[in-house]
Amino acid sequence: MNRYYITFLFSAAALCAAAEEIKSPDGKITVNVDVKDGVPEYSMTFDGKTVIKPSSLGLELVNDKDLMSGFEIAGIKTTSFDETWQPVWGETKDIRNNYNQLVVELRQPSTERLMNLCFRVYDDGMGFRYEFPQQPNLTYFVVKDEHSQFAMDGDHTAWWIAGDYDTQEYDYTESRLSEIRKLMDGAIDGNASQTQFSPTGVQTSLQMKTDNGLYINLHEAALVDYSCMHLNLDDKNMVFESWLTPDAIGNKAYMQAPTHTPWRTVMVSDDARDMLSSNLILNLNEPCAYEDTSWIKPVKYVGVWWEMIGGGKEWSYTYDLPSVKLDSLDYSKTKPHGRHPANNENVKKYIDFAAEHGFDQVLVEGWNIGWEDWFGKSKDYVFDFQTPYPDFDIKMLNDYAHSKGVRLMMHHETSGSVRNYERHMEKAYDLMNKYGYNAVKSGYVGNMIPRGEHHYGQWLNNHYLYAVTEAAKHKIMVNAHEAVRPTGLCRTYPNLIGNESARGTEYESFSGNKPSHTTVLPFTRLQGGPMDYTPGIFEMDMKKVNPNSKGHVNSTLARQLALYVTMYSPLQMAADVPEVYNRFLDAFQFIKDVAVDWDDSRYLEAEPGRYIVVARKAKGKDDWFVGCTANEDGHTSTLSLDFLDKGRKYEAVIYADAPDANYKDNPQAYVISKKKVTSKDKLKMKAAPGGGYAISLKPL
Ligand code: NOJ
Ligand code: CA
C-alpha cells in the first residue's frame, strides 16, 4: 500500500475574500467554492469546459432556521490523499484512491451553528457532502429538504428514468433535458409509481452528454442513515436540485450531530469509457468494515426462478390458507395446486444440473410458507423465513446439494413487511447456518407496511444495511432486490454481493426491455455497485415458454452471453431453465467458462445507449473474456487484442451473432468459431441489431 496524506491549514482571515479553488491531481478538473451574500455555492470545470455552473448548497430544517444562508467562512483545510487498495471482489485487483480535498468550514453567526462542506476532487470527478460537527446549537435536527443544486451548462442529452420513491424498475429514456417534462408520462410504465413526483424529477445515477463532448454523471456515494436523492430539474434554467425521498409523514431525514450527508457525486470525462472504468463511487466509501472476508466468495448460480417469472408457475404451494396459526400449520388439510416448482424432485434436477456444469449454487424461490397470504393480512399467517412447504425437504435437499459440491441459495421475500422480516431475521439466518446456506436473495416487493414508508427513505435504507451487517455476523452474503439503488457500500460491506434496484431480465418476460437497455445500465445503475441482472435467457420467444406471456426477450442469444462480461457482477445467474440450456450446450459453454471475479478490466469501446465492449482478465488466471452489447442498430468493431500478454499464443473461442441474426425475428442465430491469436491480432466483429458477441481467450 503506498500512501501519503498531507494537511495544510490556512487561517480564515487570509482567505475570506476569494473563492476557494481546488484541482484534481492531474489538474484537469477545477472546483471553486465560495460564499456569496451568505449563501454557499460551488462550480466545476473539466479541461476549461463548464461542468457545473455556480450552484448553491444548503438544507432546510423542520421547525428550525435553515442552513442555506447567513453563512461566513470560518476556516479552510486542504489535504491530499493517495492510496491503492484491494477490493475483496471487483473489476480490477487494485484500485487507486487519489484525491485533493477541500473542507470549507462555515459558521452561521445569527445562530452560532457550524456546517462544513467537504469536497474531494479526483481525476474522474468529484464528490461533496455536508458535515455537521458536534456543537451546542445543532445537536439533533430534522431535514425538511436538501437544496443541493447542479446547474447544467446547456440542454444536455440524458439517459433517465422517472423519479419515484418506490420503484427503479423503469425503462430508460434518452432525450434532451428540455424534453423530460413532455416525455415523463410515457416513461412510467405498468409498474406505475405509488408516489407523487415532479414532472421533471429523475433518479440517479443520471448519465448525460453535452454538445461539446463531455460525459457527466450525477449520483451519490455512501448512502447511510439518510434518504436517497432524486434530482428535480428546473427546465427553464437547466438546474437540477436534490430531492430527497420523504418518510411516511413527509420528513426527509432525522439527524444527530456529529454526522454528515452522503456524498453527492459528479463524474466527468470527454471519453465515455472513463465513465465505466471510474472507481469514484467506491473510493468515496469507507474501507472494508470486516476483518475476516475469507467467507465472501463470488457466486455463479442457477435457480428455480424463470419457471415462475417467465413460465407461469407459482411460488405458493396451494390456493388455500391453512386455517390454523403459524406454529401449528397443517398442510395435510390443504389442496396443492400442483404448479409449485420448489419441490424436492425439481430442486434435485437443478442440483444435478448445477453439479454437472460447475455452478456454485441453486436458488430456490417459493420454498417457504407465506406466499398464499402475501401481506400477512390474516395476522397469524406471514412469512417466517423458516418454515418450508411440505414438498420441500430442507435437510435432504441441502445434504444432497452438498454431496455434489453445490449449495442451495436462500430466498427471503419480505413482501414489504419489513418489521416482520426484522423480527424473524436472527432465526432465519440461524436456519441458513444450520443447513449450510451462505447466500440469500432478499426482496422488497410491494408497498411497505405498516406505516407506508418508502423504499428509498432513511428508515428503509437503514434496514437494508442492517440486514447486510447482521448477515455478516452469520457469514452470509446478501443480494437484495427492490432495495435502494447502490451507492458503493459494497466496498465497506463486501458481503453485499448484489442488488437488483433497476429493471432486470425479469421484465423481458413481462413486456420486454429496450434493446439499448444493457448499453445504458453500466453508465447508470452499475455506477453504485453490481446488479443481479439474471442474464442467460436463450429462449426469447416467451409465448413458447408461456402462451399467456406478453413478453419478448429483446436480445440475441450471443448478446445474452456477452452480458456476463458487460454487466459486471460477482454474482451471476444463468437464468434460463436446464431444458433450454440442454438445447444449446455449445453456447452454454461460455457461461460455464466465464469468470465472475477479475484482475483487470479494459473498456475498449463505449457510448451510452449505443454499445459497450469490455475485456476482462479472470482473477488469478491468464484467461481473458470479451463482451459486446449493442442497441437496435448493432455495432461493428475492429477489436485490437493488444491487452493480451505480448509474445503469447491464445485460443480464442468467438460466440458471434450469425450474419442474419437480429433480436426480433432471429435471435437464436449464432456462430461459434475458434482461432489462434496473439496480442498483435485485430478481430473484425459485428453485433447484430440488439445483439452482441462474447469471446473467451485462453493461453495455449
Ligand atoms: C421480484 C424479484 O425481482 C424477483 O427476482 C423475485 O423472483 C420476485 N420478486 C419474488 O420475490
Ligand atoms: Ca424486481
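Just so it is clear, the model here is predicted, and its values are computed rather than measured.

Let's talk about the sheet that holds strand S6 (residues 59–61)
Read across the open sheet, the three strands follow the order S6-S11-S20; overall the sheet is antiparallel. Of all strands in the sheet, those with a lone pairing partner are S6 and strand S20 (253–256), marking the two edges. Neighbour to neighbour, the strand axes of the sheet diverge by 50° on average, direction disregarded.

Some words on the site of ligand 1
Around ligand 1 there are 13 residues in total, and Trp305, Glu365, Glu413, Lys441 and Glu500 lie nearest to it. Each residue belonging to the shell around ligand 1 can be placed in one class, and the counts come to five nonpolar, two polar and six charged.

Digging into the sheet that holds strand S31 (residues 611–618)
If you trace the six strands from one edge of the open sheet to the other, you get S30-S31-S32-S37-S34-S35, paired in antiparallel fashion. Two strands bound the open sheet, and with one partner strand each, they are strand S30 (598–607) and strand S35 (670–677). Across the sheet, the mean angle from the axis of one strand to that of its neighbour is 15°, orientation sign disregarded. When S30 meets S31, the two strands line up antiparallel, connected through eight bridges. In the sheet register, aspartate 600 faces S31, and the bridge partner there is lysine 617. Here helix H13 (residues 557–566) sits on the sheet in contact with S30, S31, strand S32 (624–630), strand S34 (650–657), S35 and strand S37 (692–699), set at roughly 120° to S32. The sheet contacts of helix H15 (residues 585–593) involve S32, S34, S35 and S37, and relative to S34 the element is tilted by about 120°.

Notes on the packing of H13 against H15
Between H13 and H15, the least distance of the axes is 9 Å, while the angle of their chain directions is 10°. Viewed along their axes, H13 and H15 adopt a mutual orientation that is roughly parallel. Residues Leu557, Leu561, Tyr564 and Val565 of H13 touch H15, and the partners they reach there are Ala587, Phe590 and Ile591. Residue composition of the contact of H13 with H15, by class: seven nonpolar, no polar and no charged.

Quick notes on the side chain of asparagine 438
Examined against the element boundaries, asparagine 438 turns out to sit in the loop between helix H8 (418–435) and strand S26 (439–443). Reaching out from asparagine 438, the side chain makes a polar contact with the side chain of glutamine 361 at a distance of 2.7 Å. Residues contacting asparagine 438, with those up to four places away along its chain left out, are Gln361, Arg407, Met432, Lys475, Ile476 and Met477.

Description of the coordination of the calcium ion (ligand 2)
Distances from the calcium ion (ligand 2) to its protein donors, Glu169 (OE), Glu482 (OE), Glu500 (OE), Glu500 (OE) and Glu506 (OE), fall at 2.3 to 2.6 Å. Every donor counted, the six donor atoms about the calcium ion (ligand 2) form angles of 52 to 163° at the centre, which fits irregular coordination. Along the chain, the residues donating to the calcium ion (ligand 2) fall in the pattern E-x312-E-x17-E-x5-E. Placement of the pair is glutamate 169 in the loop between strand S13 (157–160) and strand S14 (173–176) and glutamate 482 in the loop between strand S27 (477–481) and strand S28 (496–499), with a sequence separation of 313 residues. By relative accessible area, which is 7% here, glutamate 169 ends up buried. The exposure class assigned to glutamate 482 is buried, which follows from its relative accessible area of 14%.

Considering a negative patch on the surface
Taken together, the side chains of Asp26, Asp47, Asp123, Asp270 and Asp274 define an acidic patch exposed on the protein surface. You can see aspartate 123 is positioned in the loop between strand S9 (113–122) and strand S10 (125–132). On the basis of relative accessible area, aspartate 123 is assigned to the partly exposed category, the value being 34%.

Structural notes on helix H7 (residues 394–403)
In an α-helix, one turn spans 3.6 residues, which is why side chains three or four residues apart end up on the same side. Within the sequence span of H7, burial applies to Ile394, Leu397, Asn398 and Ala401. With its buried residues spanning 95° around the axis, H7 presents them on a single face. Turning to H7, the residues buried within the fold contact helix H6 (344–357), strand S25 (407–413) and H8. Once H7 ends, the next one or two residues include glycine 405, with phi positive near 75°.

Side note on unusual backbone geometry
Of note, the bond from alanine 257 into proline 258 is cis; its omega dihedral lies within 30 degrees of zero at 0°. Between isoleucine 449 and proline 450 the backbone carries a cis peptide bond, its omega angle lying at 0°. Of note, proline 450 is situated in the loop between S26 and helix H9 (458–473). In this model, serine 415 sits at a positive phi of 50°, which is unusual for a non-glycine residue. Summarising the element assignment, serine 415 is placed in the loop between S25 and H8. In this structure serine 415 comes out as buried when scored by relative accessible area, which is 2%. At lysine 475, a position not held by glycine, the phi torsion is positive, near 55°. Position of lysine 475 relative to the elements: it lies in the loop between H9 and S27. Among the residues examined, lysine 475 registers a relative accessible area of 43% and is labelled partly exposed.

A closer look at the pattern of salt bridges
Per the counting criterion, the structure on display carries 36 salt bridges. As a salt-bridge pair, aspartate 145 and lysine 252 come within 2.9 Å of each other at their nearest N and O atoms. On the criterion of sequence distance, the pair formed by aspartate 145 in strand S11 (residues 140–146) and lysine 252 in the loop between strand S19 (239–244) and S20 is long-range, its members being 107 residues apart. Looking at lysine 252, the relative accessible area reads 9%, which means it is buried. For aspartate 352, the salt bridge is made with lysine 404, and the minimal N-O distance between the two is 2.9 Å.

A look at the packing of aromatic side chains
Applying the stated criterion to the full structure yields 31 aromatic pairs. Taking 5.0 Å as the distance between ring centres and 50° as the angle between the ring planes, the aromatic pair formed by tyrosine 42 and phenylalanine 128 counts as tilted. Placement of tyrosine 42 in strand S4 (residues 39–46) and of phenylalanine 128 in strand S10 is noted, with a sequence separation of 86 residues between them. The buried category is assigned to phenylalanine 128, whose relative accessible area is 0%. Members of the aromatic cluster, joined through ring pairs, are Phe353, Phe359, Phe538, Tyr581, Phe584, Phe588 and Tyr670. The aromatic ring of tyrosine 400 is capped on one face by lysine 348, whose charged end is 4.9 Å from the ring centroid. Seen from the ring of tyrosine 456, arginine 485 lies directly overhead, with NZ or CZ sitting 5.3 Å from the centre.

Considering the pairing of strand S17 (residues 215–221)
In terms of burial, S17 is a largely internal element, seven of the seven residues being buried. By the alternation rule, side chains of S17 split into Tyr215, Asn217, His219 and Ala221 and Ile216, Leu218 and Glu220, which are all buried. Bridge count between strand S16 (residues 206–209) and S17: four bridges; the pairing is antiparallel. When the bridges of S17 are listed, glutamine 207 appears paired with asparagine 217. With seven bridges connecting them, S17 and strand S22 (residues 263–269) associate as antiparallel partners. In the sheet register, asparagine 217 faces S22, and the bridge partner there is methionine 267.

Parameters at a glance
Residues numbered from 1 in each chain as written. Chains lettered and ligands numbered in written order. Predicted model: local features only at pLDDT ≥ 70, side-chain atom pairs only at ≥ 80, totals over all residues. Heavy atoms only, no water. Pairing = 2+ DSSP bridges. Helix = DSSP H or I, 4+ residues; strand = E, 2+ residues; numbered from the N terminus. Axes fitted to C-alpha atoms, helices over the stretch in contact; angles between N-to-C directions. Near = heavy atom within 4 Å. Nonpolar A, V, L, I, M, F, W, Y, C, P; charged D, E, K, R; others polar. Contact = heavy atoms within 4.5 Å. Parallel < 35°, antiparallel > 145°, perpendicular 65-115°, else oblique. Polar contact = N/O pair within 3.5 Å; in protein donor to acceptor, adjacent residues only side chain to side chain. Donors = N, O, S within 2.8 Å, 3.2 Å for Na, K, Ca; no water. Tetrahedral: all angles 85-135°; square planar, octahedral: opposite > 155°, others 65-115°. Buried < 20%, exposed > 50% of the residue type's maximum accessible area, 1.4 Å probe, protein only. Patch = residues over 30% accessible without salt bridge, like charges linked within 9 Å, V, L, I, M, F, W, Y side chains within 5 Å. Areas by Shrake-Rupley, 256 points an atom, 1.4 Å probe, with all protein chains shown as cover. Salt bridge = Lys/Arg side-chain N within 4 Å of Asp/Glu carboxyl O. Lys, Arg positive; Asp, Glu negative; His and termini not counted. Charge placed at Lys NZ, Arg CZ, Asp CG, Glu CD. Arc of directions from axis to C-beta. Phe/Tyr/Trp six-rings, centres within 6.5 Å; stacked < 30°, edge-to-face > 60°. Lys NZ or Arg CZ within 6 Å of the ring centre and 35° of its normal.

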